[in-house]
Each structure stands twice: as structure tokens, then as C-alpha cells.
Amino acid sequence: MSWPSPFICLFFLIQLALPSAGDAPAASESEYGALADKITRQGLTESYAYNVLGRLTRLGPRLTGSPGAAAAVELMRQEMTDLGLENVQLEPTVVGRWVRGEVEEARLISSTIGTIPLSICALGGSIATPEGGVRAQILEVKSFQELRAAGDKARGKIVFFNRPMDPTRSNTFQAYGEAVEQRTRGAIEAARAGGIAALVRSLSLGETDFPHTGLMQYIPGVERLPSAAISTLGANLLSDSLQGDPGLVVYIKTSCANLPSVTSYNVVGELRGAAIPDEIVLLGAHLDSWDLGVGAHDDGAGCAQVIEALRLLKLAGLRPKRTVRSILFMDEEFGGTGGRDYARSERRKRERHLAALESDRGGFLPIGLGVGGGESVLRKITAWQPFLLPLGISWIKPGGGGVDIGPLAESGTVLLGIVPDSQRYFDAHHCSQDVLSAIHPRELELGAIAMAVLAFLLAEEGL
Ligand SMILES: [Zn+2]
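Predicted model, so just to flag it, every value in this text is computed and none were measured. (Residues numbered from 1 in each chain as written. Predicted model: local features only at pLDDT ≥ 70, side-chain atom pairs only at ≥ 80, totals over all residues. Heavy atoms only, no water.)

This model, assessed by the stated rule, comprises 26 salt bridges. As a salt-bridge pair, E74 and R77 come within 2.5 Å of each other at their nearest N and O atoms. Highlighted residues: E74 and R77, both in helix α4 (residues 67-82), separated by three residues, approximately one helical turn. Assessed through its relative accessible area of 25%, R77 is described here as partly exposed. R272 is the salt-bridge partner of E270, the closest N and O atoms lying 3.1 Å from each other. Judged by relative accessible area, which is 24%, R272 ranks as partly exposed. Because the salt bridges share partners, they merge into one network encompassing E91, E270, R272, D278, R325, R347, R348 and E351. (Salt bridge = Lys/Arg side-chain N within 4 Å of Asp/Glu carboxyl O. Helix = DSSP H or I, 4+ residues; strand = E, 2+ residues; numbered from the N terminus. Buried < 20%, exposed > 50% of the residue type's maximum accessible area, 1.4 Å probe, protein only.)

In this fold, E91 is placed in strand β1 (residues 86-99). Judged by relative accessible area, which is 7%, E91 ranks as buried. Of the polar contacts made by the side chain of E91, one reaches the side chain of R347; its length is 3.4 Å. Within the local environment of E91, its side chain forms a polar contact with the side chain of R348, the two groups lying 3.0 Å apart. For E91, the contacting residues outside a window of four places in its chain are S264, Y265, N266, V268, Y342, S345, R347 and R348. (Polar contact = N/O pair within 3.5 Å; in protein donor to acceptor, adjacent residues only side chain to side chain. Contact = heavy atoms within 4.5 Å.)

Here the zinc ion is held by the protein donor atoms H286 (NE2), D298 (OD), D360 (OD) and D360 (OD), which lie 1.9 to 2.7 Å from it. Given four donor atoms and angles of 52 to 148° at the metal, the environment of the zinc ion is assigned as irregular. Each donor residue of the zinc ion lies on the same chain, and together they follow the pattern H-x11-D-x61-D. Separated by 12 residues along the polypeptide, H286 in strand β11 (residues 276-286) and D298 in helix α9 (residues 296-315) bring together distant segments of the chain. For H286, a relative accessible area of 0% corresponds to the buried category. (Donors = N, O, S within 2.8 Å, 3.2 Å for Na, K, Ca; no water. Tetrahedral: all angles 85-135°; square planar, octahedral: opposite > 155°, others 65-115°.)

Okay, the packing of aromatic side chains next. Summed over all chains, the structure comprises 10 aromatic pairs. Ring centres of F329 and Y342 lie 5.9 Å apart, and the angle between their planes is 85°; this geometry places the pair in the edge-to-face category. Of this pair, F329 sits in strand β12 (residues 322-329) while Y342 is found in helix α10 (residues 337-344), placing the two residues 13 residues apart along the sequence. Overall, F329 belongs to the buried group, its relative accessible area being 0%. Ring pairs connect the aromatic residues F173, Y176, Y425 and F426, which therefore count as one cluster. Its end group placed over the ring of Y342, R348 keeps NZ or CZ at 3.8 Å from the ring centre. If you follow R361 out to its NZ or CZ, it ends over the ring of F173, 4.2 Å from the centre. (Phe/Tyr/Trp six-rings, centres within 6.5 Å; stacked < 30°, edge-to-face > 60°. Lys NZ or Arg CZ within 6 Å of the ring centre and 35° of its normal.)

This is the structure:
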């Protein structure tokens, strides 16, 4: 569907006359506003995003390279086909495969307080402990700097990285970003210091007994150590116990393994553009998840939203000038191969990606929009705020991007990102609590509707 440009000019004149976005005209004052209203009513009535997320999470976890991930690829391909999306395709990508194994256990053994089980999980990509487990004293540190300053003290010990996420950050992603190196690089730093294993405080602001997994790394030339996360309550207990008994020991046994790579797929479907079909507005999320929960927030929510956005546009009878494409990337969590392979594919040479929007921050209420591409893009998109305000988006500022759409930036694609409320995200992130019951259907749907409205405006108006 195409909108007459004189109307658009009128709309922008109305916007320029406004004192602030908060005093924006009622959505019904414009055709775009009416359209956003229509999409919103349909979305909130039907809650398709939640329903498809229910079907996806019923399959179980979708760890990269696993049978669950393969089943999810097939389900979502079928879902896109059933919705009548065009050019539904699987684009292959070769991914790593890691399995957790049957055994994960740990205990604190102290001469003063006895033996207490600790809640742990292996970190993604870690090698297993030896068959008999590891049993050693603990060196607790809050930073790599502290570890290096400890000199020989880590030798033969389990290095316990116990820096909490900073609770003073209102943006929990910032707190995560500041603490995540302990998980990703902890094993490397522990090995350099002469340690025999790495035990990392779970990346969560909550105090619970659920360990949170996530990717860890090894580098060539540095010994590979087994690496595990401990629940935040377990970390507190261990830290407190070390005060009274610095000589206590911890026993850890894991049975995870890295297996040969397998071929998996990105799942793609689109609404072909009416006038400039080779210009693409991309809506992306990642289909793989961690294995402790079922990836309802991370990132089943995003997958449900990008499919729902296209469904809503299609049901509204819209066919914008440019193509709107939804893509469910494989392997965001375990290496990002899906995003890289998509951007580098031969097929991309015939296309121009105008803008890409990634949803990978949980299915919570959208509150803001991050926009890349510089000042003029920001100005243009800020003028669309009246259509996004009723959905909860109260600010638009520089930002945007994501692991999977990041590689598209090399070819000049403008990266955007709807930002949901982040307070509860790290309660569920990468742990057993990332399940469907942690999702609120209306919050999830409002994110999908915002994506639909924004994608339509981008595809119709360009940048
Ligand atoms: Zn994610």
C-alpha cells in the first residue's frame, strides 16, 4: 500500500508546529495514525506473538546445533509459510555444537560449617572437569586486576570471580556489560594465574539459587580450564563462608563437551516491496537459545515479534514500497555465525538493506527506540514518535544495533533497536527461569506492534 506524499508533508508540518512530542496529535489525525491504531487493535485482540511463542517454547530448549534448534527451524519455517509470507527460505550456516552432559554438581566442604551443596552450571563452550571432578581451595577476586595482583595465590586453586552486577545502574544491560568479562574471559585469566578451574558469579541482579549460563571463551596458547557459573545466593554463601574458613575447599564436577560443527539455518520470510523490492527493511531476532530454560525472553520473544510484525502488516492489507523481511538468526549465543553469514551471503549482493531492527532484549514493555545512522536519520524517525508513543515508546535517541544485525553496518545499513524495560530481564536471562510464564502477552505484543509500525514507516518513507 502506498500513501500520497502531500499528506506526509502535511503531517510533518503538523509535527514542526508542535511544542514537543508529548503534545503530538491524536493518532487518528493522520492516515499513518489510523493505520497504527488498526494494527494495534488487531495485535492486542489476537495476541498472536504470545501464541506462536507458546508453540516455539513447547519444543524445549534451542541450543545452537541441537535437535531442539533444528525442530525450531522447521516450526518457524512452517509458521511463516502458513501465514502466507513470501520467499520463505532457510539460509544455511555452519554452527558449533556443545552439550551440557548429565552431571553438574558442586559442594562447599568446610571444617567449620560442614558440607553444603552449591548450585552451579557449566558455562557454554567449557570443557568438562576430569572424571573425578576438581577439588581445591578457593581464591575469591572481584576483578582481573585483583587476580593479577594476587601473584602466586591462585596456583592450584579454583578462581572464584565474584563481582556482582552494579545495582546502581538503572539500565541493567549496562550493569551486565560491565560484569560479563568474568564469564567470557574468566577461564583464560584463571589459567594465566595458575588456577585449575573458574567459578563465576551468575550475571543477575536477583538473589536466587538459579545459576545462569552463557558463552565463555578460550584462546590459543592458554590452558583450557573447566568453567562454571554459581547462583548468586551460592556465591554469597561461598564468599561469606570464606571469611570464617579461608581454607575451605570446593568440589566441582561437570560433564559437558564440544562436538563437531553442524549445519543449521537462518529462517527468512518477507512481504515483498511494491516499488523497490530490492531495498530491504529487516526485522531480526535469534532462534537459538540457552539450554537451561526454553529461551522465552532470549530470544523466543524477539522471534515471535518479528513474525507477528509481518503478519500484522499483511492482515492490514499493506504492501509498502520496500520489502519488509523477517529473519530468525541461528547461533547468536554461541558465536554469531548466522548474523555474519547472512550479511556475507551472495544473495545480499543483489539487495540493499536500508535499515535493520533487532529484538533481543526480552519481551517486556517497549519504552524507547535507539536509532543509528546519524543526525538526519534521528530527526526523521523522531517525527514518527506520535505513532509509537501509544505503544509505550517515550524516547528516541542515538543507539540501536545488535549482535546479529551488526555485520550489516559495514554496508551502510542503519541499525535500530526497540528498547524494552530492562528491570526483570536478568532474572530470566540464560537460566531455568526463561520460560513462557515469564512473558506477559500484552507487553510482548506491544513490542511486535511497534516493530510493525516502524517497519512500515521505514519501508514506505525510506530514510
Ligand atoms: Zn539473546
